[in-house]
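Structural characterization, general
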Amino acid sequence: MHHLRMIREQAEALRDGMRRRGKLEVYGPVIDESETLDRTRRQTIQAVEEKKAQRNALTQVVGKKKKAGEDAAVEMAEARALGEAIAALEATLAPTEARLEELLLGVPNIPLPDVPEGDESANVVVRSWGTPREAEGIKPHWEVGASLGLLDLERGAKISGSGFVVYRGTGARMIRSFMNAMLDLHTSEFGYEECWVPVVVNRPSMVGTGQLPKFEDDMYALKDEELFLIPTAEVPVTNLYRDEILAAEELPKAFCAYSPCFRREAGSAGKDTRGVLRVHEFDKVELVRYCAPEDGEAQLQLLLSHAETVLQGLGLPYRVVLLAAGDTGFGSAKTYDLEVFAPGVGKWLEVSSCSLFTDFQARRANIRFRPAPGEKPRFVYTLNGSGLAFPRIFAAILEHYQQPDGSVTVPEALRPWVGADRLG
RNA sequence: GGACAGGUGGCCGAGUGGUUGAAGGCGCACGCCUGGAAAGCGUGUAUUGGUUAAUAGCCAAUCGCGGGUUCGAAUCCCGCCCUGUCCGCCA
């Protein structure tokens, strides 16, 4: 969410950000309306506060007179009249503020200056690692997975619905190995604090990280309570310090968490319907960082390098893509995607999205730090990225490590966990 | 799920209708004192909004959250949330 002062003092920067996202027609009118409402709001507040100050003064006179045993009927009547006027003004203020908040919560973050303008065709591959395998003769993961007994999509659909997956045998063991291998790497090598968090969260948490109110249709909600299944561990982990003020020396903070993730994928019907590339429930290890504003860019590069290390450890060829403004997510100011090449489906698969949110989430979630004792609190910068998403890594391994006899070799790094060097 | 008890500033803890943003203590910061430190003394120590060049002043709001009563609510009433204890239930 943007600060009201942003609307007031930097409306042009906001408009330019929306233009670079290619969304000026959508958000231009929203910004216009916000500017008008902001003016109305301030006028009303001034009027209300002036009357409140008058009433407070009268109230004190009443108190003194009563204590002295004098009559205060005149002052009481006057104060009552002021109270009615205040109530009337506040009745107009409430809808103004509600509408303003609704509007502000729906405006995306401003992309950083070095983010390319335009839609996804303007995305930039900034570097690559490893050599993608020739696609010739390689079967897609769902075929290998089924024939080796690692993946049971039919029964997943039967017990839950399409888009729900059952991993079996060494397939299940491989998923478990991802959790252990990734959490161990991030905690012991990179200093992340491991967290195990609820996968059901309340509405303020979902608003804090930006999933709500805008993307409610994409979220699974519990039927009789205001609770939601998380689409990523980013939600509970980033909200850990919601409504808190941290000391400067606590920054940067770094957390990693395994969690299942639930996504309705409304509007994605027909895309990636085969295999495990787009499912309603999947698992991943998420990395979340908080830092001081001046460290944002460096922290993003650091986060990205941590996610890359996982892929290098697995020996999977990948590329790093800087997303263009129009392809950058709602709350993000700058995002790098990590894409792994899966030769069986012949596609680059997004396995991690590393984003710097600047103070966008911190404002919504009210996460601050005090730069020095006695100084005013400031909003932290938040970052997050997958490290990494399991199903697509599973798919990439089944395809990249596929052998001519139909078996799959297990990446070196996972063997201690999987307990085998070959699947099938 | 049921019955009690409770939610006040960084912490502890007063405060049951009136000038209380909130006594007192602790902690913290700065100053004095000291060879240095401790003790002691003094000063200061919340957040948000409005106004403003200002994180200077001034005004407003905030004692779990929301509503109500009242000229006036931390204090009274209603609803909700959370915590603790006991009972029930359960992996």
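For the structure, see preceding data.
Residues numbered from 1 in each chain as written. Chains lettered and ligands numbered in written order. Predicted model: local features only at pLDDT ≥ 70, side-chain atom pairs only at ≥ 80, totals over all residues. Heavy atoms only, no water.

Bringing the packing of aromatic side chains into the picture now. Under the definition given, this model contains 11 aromatic pairs. Between the aromatic rings of tryptophan 196 and tyrosine 258, the centroid separation amounts to 5.4 Å while the plane-to-plane angle is 40 degrees, which identifies the pairing as tilted. Taken as a pair, tryptophan 196 in the loop between β4 (193–195) and β5 (200–202) and tyrosine 258 in strand β8 (residues 253–262) lie far apart in primary sequence, 62 residues in all. Its relative accessible area of 60% is what places tryptophan 196 among the exposed residues. Between phenylalanine 330 and phenylalanine 360, the ring centres sit 5.5 Å apart and the planes meet at 85 degrees, which makes this aromatic pair edge-to-face. With phenylalanine 330 in the loop between β10 (318–322) and β11 (334–342) and phenylalanine 360 in helix α11 (residues 360–365), the pair connects residues that are 30 residues apart, well separated along the chain. By relative accessible area, which is 14% here, phenylalanine 330 ends up buried. Accessibility expressed as a relative area gives 1% for phenylalanine 360, which makes it buried. (Phe/Tyr/Trp six-rings, centres within 6.5 Å; stacked < 30°, edge-to-face > 60°. Helix = DSSP H or I, 4+ residues; strand = E, 2+ residues; numbered from the N terminus. Buried < 20%, exposed > 50% of the residue type's maximum accessible area, 1.4 Å probe, protein only.)

The next point concerns the sheet that holds strand β13 (residues 367–370). Pairing is mixed across the open sheet formed by 3 strands, whose spatial order is β7-β13-β14. Each edge of the open sheet carries a strand with a single partner, namely β7 (244–247) and β14 (378–379). Pairing analysis gives 4 bridges linking β7 to β13, with the strands arranged parallel. Paired with glutamate 244 across the strands is isoleucine 367, a residue of β13. (Pairing = 2+ DSSP bridges.)

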